[in-house]
Structure formats: C-alpha cells, structure tokens
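These are the residues of each chain, in order.
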Amino acid sequence: MQAEFSLGELAVRFGLTLRGEPSLMVRSVATLSHANAGSLSFLANSRYRKQLESTRATAVLVSADDANHCPVAALIDPNPYLAYARIASLMYPEFRPAPGIHPSAVIGGGARIAPSASIGPLAVIEDDAQIGERVWVGPGCVVQKGVQVGADSALLSRVNLYPGVILGQRCILHAGVVVGADGFGFAPNDGTWVKVPQVGSVRVGDDVEIGANTTIDRGAIDDTVVENGVKLDNQIQVGHNVTIGAHTAIAACTGISGSTVIGQRCMIGGMVGFAGHLTIADDVVVTGCSLVSASIDKPGSYSSGMPTVETRLWRRMVAHLRRLAKKER
C-alpha cells in the first residue's frame, strides 16, 4: 500500500505553489480521465485541457497557464511532469530486498561482495567480480569474471554482464540485458568469414538505465562507452566501440552500428538506424524510424523516411519516383 501525503506537505517538500486546501490527502496517482478521490494527476500538455476540466482527481499538477482551468486543487510548477516524477517516486518507493546471498546463488573464488548487497536465487557471481554496497543482483543474473558493479545499482533479473564489464553507481538494468557480448566483427576470406577477436570491454557510467533485452557489445580493441545519465529503452542494439554521450535518451528498437559516436543530451526516437563510423553532435534530436547514414555536426532535429499514407496513394508516389529515375538515366 502506498503512503499517503497531504497537499501541503507535497507543496513544501517540492517547492510547489498550492491552490487549494493543504489538508487534502492523496494516496495514489492516476491519469486525468481515470482519477478519483485520493488520486493525484498531472497535465503536461495543454492539448489535454478538456480532460483536466472534467477530472475527478483530488489534485492535479499543472503549469501556471493551466491552473485557472483546474476544477480541483492545483499544485503549480513550471514543469508539471518533472514534479509528477518526483512525487510519484516518493509515493511508490523502489523495492530493495534485504542484504544477503540466496542459498542457490553460485559465488566464484575471489569475488568481493559488499555486506549490504543482495544476491538473488540462481544468480552467478564469477571469480574476481566486485559487487558494491547496496547492489541488488536479481534472480538468474550472471556477473562474469572480473566485472565491477558500482554501489546502489540493480540488475533486476536474467542480466548477463560479460567478463571485464564496468558498471557505475545507481544504474538499473532490466530483465534480459546483455552487456559485453562480442561485437559483430568478421574479416572476409574468399567468400567465408574469419572471426576478429573482440578484446575491448564495456564501460557504463553512473545513473544509467538500460531497458529490457537491450544489448551492448564489447569493443573490438578499445571499449564501448555509455556515459553518465544515459537512458536506453527496450530492445536496443549498441554495436562495438560505440560511444553514447552523457544524458542521451534512446527509444526502443534503435540499432547503432559499430564505432558511431553519439553526443551528449541527444534524443533518439524508436526504430532509428545508425550506419557505422558516424559522429553525432550534442543536442541532436532524431525522430522515429529515421535512417542516419551520415554524420551530423550541428544541433537540431533530423528526420527521414516517409509517413504512412493510404496504399493507393503510396503506389502512385512510388510510380512517380520510378518515372523520375528513368528520366535521369
């Protein structure tokens, strides 16, 4: 059961302006359309103001521009969504298991595990691995030889960290994440392929979150690097020797080919594809389903691909393109 908080307490704790009765209590969060008594909701986009006007929430986090349209108590902040994230984290605190090593876990020789860490059932900690203070290694995780896991990080379940991987502090790795598998490196040889040894590793900074079933390959020679504060969604492929700059966020199903360098504070939409050996500047936005085939040296928003249209119109457009191509021959 979530904790209960008064609006007055939330306003003081998070520096919000309260318009309403300070003694009102909230115990859960909800969307504007599904909220009821005891719920806290938020409006981050004025396009949804119609839902605000009919909400049954006890209170709503809003900007000053939307506060006058709020029919219930309002907690006012310039960034309602950020304020919501902080309050929701307070109301729904993160679960952490008790320290200790489950009897079914396998611990290798020379492994160093902090007394405050928790090692779950069927986890494997191989030789010389280092598990920091308050780390949570969930069920079925494999921490291979020589891995370092920084304090307060969590490997939720079935995470596999390959030998030599370095994981920073306060990281969250969701189910099925694989960090440090071999990069896709093969040398052609008369119609066959010869495997190129992948002798680098992966270095992950502090405060990184990696979504379920995302994979990050180890470097061929130098390390693959994920800098501080990076947020990766589910099912992303990060190739060998990629560098992802601090506080960049990447949505699901994106593929980043080897040796690409992505700058800081970038926002990459879902299903974006990066060709290899590219450099992407800081503060770049790439919209979903784009193909990035050349380096980007200036901040801004970039897109490619064709939006969906009715099938008959799409066929006509393709026919026009073919005719243009014939004229250029």
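Our structure's up above, just so we're on the same page.
Residues numbered from 1 in each chain as written. Predicted model: local features only at pLDDT ≥ 70, side-chain atom pairs only at ≥ 80, totals over all residues. Heavy atoms only, no water.

So, about the overall build of the protein chain. Counting its regular elements, the protein chain contains five helices and 39 strands. Over its C-alpha atoms, taken along the principal directions, the protein chain stretches across nearly 75 × 70 × 35 Å. Looking at the protein chain as a whole, 40% of its 329 residues qualify as buried. Taking contacts inside the protein chain between residues at least 6 apart in sequence as the whole, the part at least 24 apart equals 18%. For the protein chain, the exposed surface amounts to about 17300 Å²; the carbon and sulfur share of it is 55%. Each charge class in the protein chain was averaged separately, 28 positive and 28 negative side chains, and the resulting centres sit 11 Å apart. (Helix = DSSP H or I, 4+ residues; strand = E, 2+ residues; numbered from the N terminus. Buried < 20%, exposed > 50% of the residue type's maximum accessible area, 1.4 Å probe, protein only. Contact = heavy atoms within 4.5 Å. Areas by Shrake-Rupley, 256 points an atom, 1.4 Å probe, with all protein chains shown as cover. Lys, Arg positive; Asp, Glu negative; His and termini not counted. Charge placed at Lys NZ, Arg CZ, Asp CG, Glu CD.)

Next up on the list: the pattern of salt bridges. Under the counting rule described, the total for this entry stands at 10 salt bridges. Of the charged contacts, one joins Asp152 and Arg134 as a salt bridge, the two residues approaching to 2.7 Å between their closest N and O atoms. Taken together, the residues span a long stretch of sequence, with Asp152 in the loop between strand S16 (148-149) and strand S17 (154-155) and Arg134 in the loop between strand S13 (130-131) and strand S14 (136-137) at a distance of 18 residues. Assessed through its relative accessible area of 44%, Arg134 is described here as partly exposed. Across the salt bridge formed by Arg265 and Asp283, the nearest N and O atoms sit 2.8 Å from each other. One end of the pair, Arg265, is in the loop between strand S33 (261-262) and strand S34 (267-268); the other, Asp283, is in the loop between strand S36 (279-280) and strand S37 (284-286), with 18 residues separating them in the sequence. For Arg265, a relative accessible area of 41% gives the class partly exposed. (Salt bridge = Lys/Arg side-chain N within 4 Å of Asp/Glu carboxyl O.)

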